[in-house]
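Architecture at a glance
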Amino acid sequence: MKVILHTGAHRCATTSFQEYMRQNVPGLNRQGIGFWGPYRTRKGLFHGIQPGPAQVTGRDLVQRAQGRLQVRLAGCRERGISQLLVSEENMIGAVRQNLRLGDLYGGVGERMARYAQAFSGAVTDVALSIRSLDSYWTSGLAYAVARGHKMPTAGSLDRLAYSARSWRDVITDIVAAMPGVTLHVLPFETFGTRPEAALTALTGIKAPRAHARVRLNASLCLQDLRASLPPAAAADLPDGTGRWRPFSDAQTAALREAYADDMMWLAGGADGLAALAQDPDKQAAGTNPPRIALTRGRPDDKQRRMAGSG
C-alpha cells in the first residue's frame, strides 16, 4: 500500500483540501484511495510521536503510537485501500512558532524523522505545498493577529523578510530525515484553488470534482480584520480595504526573490531531492506546435523605413 503524508504547509489551502477529501471519501474508497485527516489524527492517533507533556504511566508512548498506526494501516489494507493519503499540516510544525522564532519550520527535520519512525517504514511519499514567501507570511500574520497574536514590529518583519531560510531548506531537511521517500512539491499558485488537480498529481487517479471549490480559513481582508480586533489593536492597522500588506516594497521584493530562487531550483531538478508536481490539466506542446496566424502587425524580418532627421 502506498502511504502519502500530506504535510501542508499551513496557509496553503490545506484545510480546504482536507474538506474536499473528507466530502469525497465514499467515492475515493471505491477507487482504492483512503484518507486520514485532522478529525482522525488529532483524536489520539498521533499521540506520543512528538515529545511533550504527558502523564507518567511507565508506558513507552512512541511504541504505543507505532502499534496504533500499524493496526490502522493493516485495516486499510484489508479493506482494499491501495493508496492512503494522510493529511496533517501540524506534522511539520506550527505557524505561531514560525512567527515567534522568525523562522520557516526550523525543526521540521526532527519532527518528520519521528513520523518516519512511527510509521515503521510504511511511508512511500511526502507531499509539501509551498507558497510565495511574501503571501505566506502575510497570510500567517493575518491569521495570527485575528486570533490575538501581537501586531508585528518593524524588527520582526525584517527578520522574516531577510531570513536566510527558505522552502529549499525545508525540503532539504525533510529529505534528510526520510531517506528513500519521494517528496512531491505542490506550488500553491498552481494547486491552491484546485484540490482535485493536487489529488490527481499525487495519486494518478481521475479525481472527483464535487466539493472542489470549498474555501476554508481564508485570510481576513483589512476591513474584516479591523472589525475582529479590539479598538487599540485595530488602530495599528492601516486605513483602507482589501488585503493587508504588512511588508514594505523592499521586503516584499526580497521575499519574492527568495521564492523565485526556490522555484528555479525545483524546476531544475532540485538536485534530485524532490519532484515539482506538474499540473495534470496542462497539456504540453507537441513536436510541431500549432502556429497562430497573426492578422495585425508587420513581420520582424522586413526592412522598415526610418523617419528622416529633417
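Up top is the structure.
Residues numbered from 1 in each chain as written. Predicted model: local features only at pLDDT ≥ 70, side-chain atom pairs only at ≥ 80, totals over all residues. Heavy atoms only, no water.

Digging into the packing of aromatic side chains
Any pair of aromatic rings gets described here by the distance separating the centres and the angle formed by the planes. What counts is decided by this rule: Between rings of Phe, Tyr and Trp, where Trp is taken as its six-membered ring, a pair exists when centres lie within 6.5 Å; planes separated by under 30 degrees are stacked, by over 60 edge-to-face, and by other angles tilted. Secondary structure follows DSSP: runs of H or I at least 4 residues long count as helices, runs of E at least 2 residues long count as strands, and numbering of each begins at the N terminus. With a 1.4 Å probe rolled over the protein chains alone, any residue whose accessible area is under 20% of its type maximum counts as buried; one over 50% counts as exposed, and the rest are partly exposed. We call a charge positioned above a ring when the Lys NZ or Arg CZ atom is no farther than 6 Å from the ring centre and deviates by at most 35 degrees from the ring normal.
The tally for this structure, following the rule as stated, stands at seven aromatic pairs. Judged by centre distance (6.4 Å) and plane angle (50°), the rings of Tyr105 and Tyr136 are tilted. Highlighted residues: Tyr105 in the loop between α5 (95-101) and α6 (108-118) and Tyr136 in helix α7 (residues 133-145), separated in sequence by 31 residues. A relative accessible area of 1% places Tyr136 in the buried class. Aromatic pair Tyr136 and Trp137: ring centres 5.1 Å apart, planes at 70°, arrangement edge-to-face. For the pair Tyr136 and Trp137, a shared accessibility class is recorded, and that class is buried. Through a chain of ring-to-ring contacts, the aromatic side chains of Tyr105, Tyr136, Trp137 and Trp167 assemble into a single cluster. One residue, Arg22, lies across the ring of Tyr39, its end atom 4.0 Å from the ring centre. Note that Arg131 overlies the ring of Phe188, its terminal NZ or CZ placed 4.1 Å from the centroid.

A short note on unusual backbone geometry
The residue after Gly8, namely Ala9, is reached through a cis peptide bond having omega 20°. For Ala9, the location among the structural elements is in the loop between β1 (2-6) and α1 (14-23). The backbone of Asp271 sits at a positive phi, close to 55°, despite the residue not being glycine. Structurally, Asp271 can be placed in the loop between α14 (249-267) and β6 (275-276). The class of Asp271 is exposed, set by a relative accessible area of 60%.

Some points on the side chain of Ser87
Heads up, the condition is: Contacts are assigned to residue pairs that have any heavy atoms within 4.5 Å of one another.
Mapped onto the elements of the fold, Ser87 is located in strand β3 (residues 83-87). What makes Ser87 buried here is its relative accessible area of 0%. Contact partners of Ser87, with chain neighbours within four places excluded, come to His6, Thr14, Phe17, Gln18, Phe35, Trp36, Gly37 and Pro38.

Considerations on the nonpolar core
Nonpolar side chains tend to gather and get buried jointly when the protein is soluble and globular. Under the convention used in this document: By nonpolar core we mean a set of buried residues, namely Ala, Val, Leu, Ile, Met, Phe, Trp, Tyr and Cys, connected to one another through side-chain atoms within 4.5 Å.
Counting residues in hydrophobic clusters, the biggest one holds 65 residues, and the most contacted among them are Leu5, Tyr105, Met112 and Trp167. When residues in this core are grouped by element, the largest group, seven residues, is from α7. Look past the residues within four positions of Trp167 in its chain and what remains in contact with it is Ala9, Leu104, Tyr105, Ser129, Ile130, Arg131, Leu133, Tyr136, Tyr259 and Asp262. Ranked by size, the runner-up nonpolar core spans 19 residues in total, among them Tyr20, Phe35, Leu186 and Ala197.

Some points on the sheet that holds strand β5 (residues 182-187)
What counts, and what does not: Only strands that DSSP links by at least two bridges are regarded as paired with each other. Between the N-to-C directions of two axes lies an angle of 0 to 180 degrees, each axis being a line fitted to C-alpha atoms and, for a helix, fitted only over the stretch in contact.
The strand order β2-β3-β1-β4-β5-β6 describes an open sheet built from six strands, whose pairing is parallel. What marks the edges here is a single partner per strand, and that holds for β2 (33-36) and β6. Relative to β3, β1 runs parallel, the two sharing five bridges. Paired with Val3 across the strands is Leu84, a residue of β3. Taken strand by strand, helix α9 (residues 167-177) contacts β4 (125-130) and β5, and its axis lies near 170° from that of β4.

By themselves, these are just geometric observations and shouldn't be taken as functional.
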